[in-house]
There are 2 protein chains.
Amino acid sequence: MRRFNAFLPGLTMSAAALAIGSSDRDKPPNTAQVLESAQPSDWRRPDPANTLYLELDAGRVIIELAPRFAPEHVGNIRALVREKFFDGLPVARVQDNYVTQWGDADQVRPTEAARRKLPDETVIAWKQALPIVKLPDADSYAPETGWLDGFPVGIERKPSGQVWMTHCYGIVGAGRDNWPDTGSGSELYAVIGQAPRHLDRNIVLVGRVLRGMELLASLPRGSGAMGFYGDEEKSKRTSIRSVRLASDLADSARAPLEVLRTDTPLFSRYVEARRNRREEWFVRPAGHIDVCNVPIPVRDIPPRN
Amino acid sequence: MRRFNAFLPGLTMSAAALAIGSSDRDKPPNTAQVLESAQPSDWRRPDPANTLYLELDAGRVIIELAPRFAPEHVGNIRALVREKFFDGLPVARVQDNYVTQWGDADQVRPTEAARRKLPDETVIAWKQALPIVKLPDADSYAPETGWLDGFPVGIERKPSGQVWMTHCYGIVGAGRDNWPDTGSGSELYAVIGQAPRHLDRNIVLVGRVLRGMELLASLPRGSGAMGFYGDEEKSKRTSIRSVRLASDLADSARAPLEVLRTDTPLFSRYVEARRNRREEWFVRPAGHIDVCNVPIPVRDIPPRN
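Definitions and cut-offs
- Residues numbered from 1 in each chain as written.
- Chains lettered and ligands numbered in written order.
- Predicted model: local features only at pLDDT ≥ 70, side-chain atom pairs only at ≥ 80, totals over all residues.
- Heavy atoms only, no water.
- Buried < 20%, exposed > 50% of the residue type's maximum accessible area, 1.4 Å probe, protein only.
- Helix = DSSP H or I, 4+ residues; strand = E, 2+ residues; numbered from the N terminus.
- Contact = heavy atoms within 4.5 Å.
- Least-squares fit on C-alpha atoms with pLDDT ≥ 70 in both.
- Buried area = accessible area lost by both parts, 1.4 Å probe.
- Salt bridge = Lys/Arg side-chain N within 4 Å of Asp/Glu carboxyl O.
- Polar contact = N/O pair within 3.5 Å; in protein donor to acceptor, adjacent residues only side chain to side chain.
- Nonpolar A, V, L, I, M, F, W, Y, C, P; charged D, E, K, R; others polar.

(A) Looking closely at helix α6 (residues 265-275) of chain B. Taken as a whole, α6 of chain B has its buried residues at Leu 266, Phe 267, Tyr 270, Val 271, Ala 273, Arg 274 and Arg 275 of chain B. Against the buried residues of α6 of chain B lie α3 (31-36), β7 (133-135), β8 (144-148) and β15 (257-260) of chain B.

Laid out in structure tokens, this is it:
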């Protein structure tokens, strides 16, 4: 079927699997084949205490928080969520090829539990003991890249000794004023375009979207400065129904999902399959991959056999 | 105003200009300041014979075709447009963080003027005489990058002697079957996410979106394989009202716009301002830029003084 195994190849496993013919049996595995060979231990279940459900009219966006990278911000976001701070606030900004931003844009909503000022958490200290999985490929913005706790990272061992989450598609950060310690987590954004890596180490990143990016990325763009909705566009603003921590919900209300681990041999094979695409459609494998071009698979927890 | 000079900086010139204070007068210019210093000769007007108007219910998408890169494809697209081939066809595929694709997905619409089979035009030959402006920064996918005729390019002088347009946000290509000579231009796509540079030299690129990317990027994603709309989602499909060449329209019906030239000293200053962001918000300029992170400004032709 031309429509499914042709044109631009996608990430859909079933579609890619359709392209596998008998002549391919001796080739290195493609993405679909690598994922099909994954064992249950190659997947992990995100901690419900680090999992946010952002409920929009269009559906649920699931965000995994990254406490190792920004513990104070993550703690503050948890406090805000628990006092239902975000409920009813709008998505105030959608700038094409850049970010979707939601929360308390005007800094007017009171909060009892959360702090307004937090330390700068744009980087963490590099240590040998950090369980970073390196991407061997060169990066143009950072000396080294890889993954830590499933999040993409840049690494500069010397001179700064810093590790930071990289601004890839779907990464979530905390909006701020003109200094890195002026964000509180009361306003958050997700990257919806080309990785704005020039923001790395300039602003605190707090997690990434696991599910529902298409809901944030397909919102109408704001026509005001920097993609904010203008006063005449208030009707375009999507309202946040609620934000909840998965750990505050009953088991039955939680989304049963798993994320591919990044610290396994299988993940290395997955990266290799993405680096050199083996699907029939490709005539020239790139032989290279950028850390922001490696999507981390998420799936529903499969039924027990 | 926190809302306009804070949070994440954007591309909006007026917003960035607001952040310029007297203490900044000795600094290198920021993006807004560089653009404000542009002369009329720093801008060019795209050739109407290479300018497509893709009319959707939501508005007009303007595409500049790139005849130097894919002359046969561009010629075929012009022939298709002139017989109104695209009118009434759908946007058939919207895959999140990848592409929006429109045209004759099922290859069923007859055409008299256009060809179904074209030569592979994924690359052009490198020559000293090509007016390429190099980006000095390292690229991770190509030995060298730069711009040619205002389009981003990858360059491999040796061993292949090839130049090709790079898959950046907003670049437009011709969908194809499993071989590079199987696209005809009857189905086109635009990149709506992280640059899929692994597609470079695998598929023919024909131009880029100058205006209206937000219309293509904010369409609802298809839930079928590879982002195609499933049969039960036909109602989500956006219909193409028409596609026309600007040169086939009266002057009064053309959009009066200009594109920043990429072959000027001003453009080099613009790239430098993007490489090291000088806006007050930034605490750490990146000192580097990727060819896909340099948006090429487009503006309305200003009124004559």
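Additional details are given in the paragraphs that follow.
(B) Seen up close, unusual backbone geometry. All names here are of chain A. Here the amide bond leading from Lys 158 into Pro 159 is cis, since omega sits at 0 degrees, within 30 degrees of zero. Here Pro 159 shows up in the loop between β9 (151-156) and β10 (162-165). One non-glycine residue, Met 226, lies in the positive phi region at around 60 degrees. You can see Met 226 is positioned in the loop between α5 (213-217) and β14 (240-245).

(C) Seen up close, the relation of the copies chain B and chain A. Laying chain B over chain A is done by rotating through 180 degrees and shifting 0.0 Å along the axis; what remains is an RMSD of 0.0 Å. The operation mapping one copy onto its partner corresponds to a two-fold rotation axis. Mapped onto chain A, 99% of the interface residues of chain B again fall at the interface, so both copies present the same surface.

(D) Structural context of the interface of chain B and chain A. Counting residues at the interface gives 71 residues for chain B and 70 residues for chain A. Counting each side, the surface lost to burial between chain B and chain A is near 6,400 Å², with a carbon and sulfur contribution of 51%. In this structure, the connection of chain B to chain A is made through zero salt bridges. Summed over the shared surface of chain B and chain A, the result is 26 residue pairs in polar contact (both at pLDDT 80 or more). Mapped onto the side of chain B that touches chain A, the elements with two or more residues apiece are α1 (2-5), β4 (91-95), β5 (99-103), β12 (187-191) and α5 (213-217) of chain B. Per-element accounting of the side of chain B that touches chain A gives the leading share, four residues, to α1 of chain B. Of the residues that constitute the side of chain B that touches chain A, the class distribution is 35 nonpolar, 19 polar and 17 charged.

(E) Seen up close, the pattern of salt bridges. By the definition in use, this model includes 46 salt bridges over all chains. Note that Arg 277 of chain A is salt-bridged to Glu 279 of chain A, the shortest N-O span being 3.1 Å. Arg 277 of chain A gets classed as buried once you look at its relative accessible area, which sits at 4%. Note on Glu 279 of chain A: relative accessible area 7%, which makes it buried. Note that Arg 299 of chain B and Glu 258 of chain B form a salt bridge whose closest N and O atoms lie 2.9 Å from each other. Of the two residues, Arg 299 of chain B sits in strand β16 (residues 298-300) while Glu 258 of chain B sits in strand β15, which places them 41 residues apart along the sequence. Looking at Arg 299 of chain B, the relative accessible area reads 24%, which means it is partly exposed.

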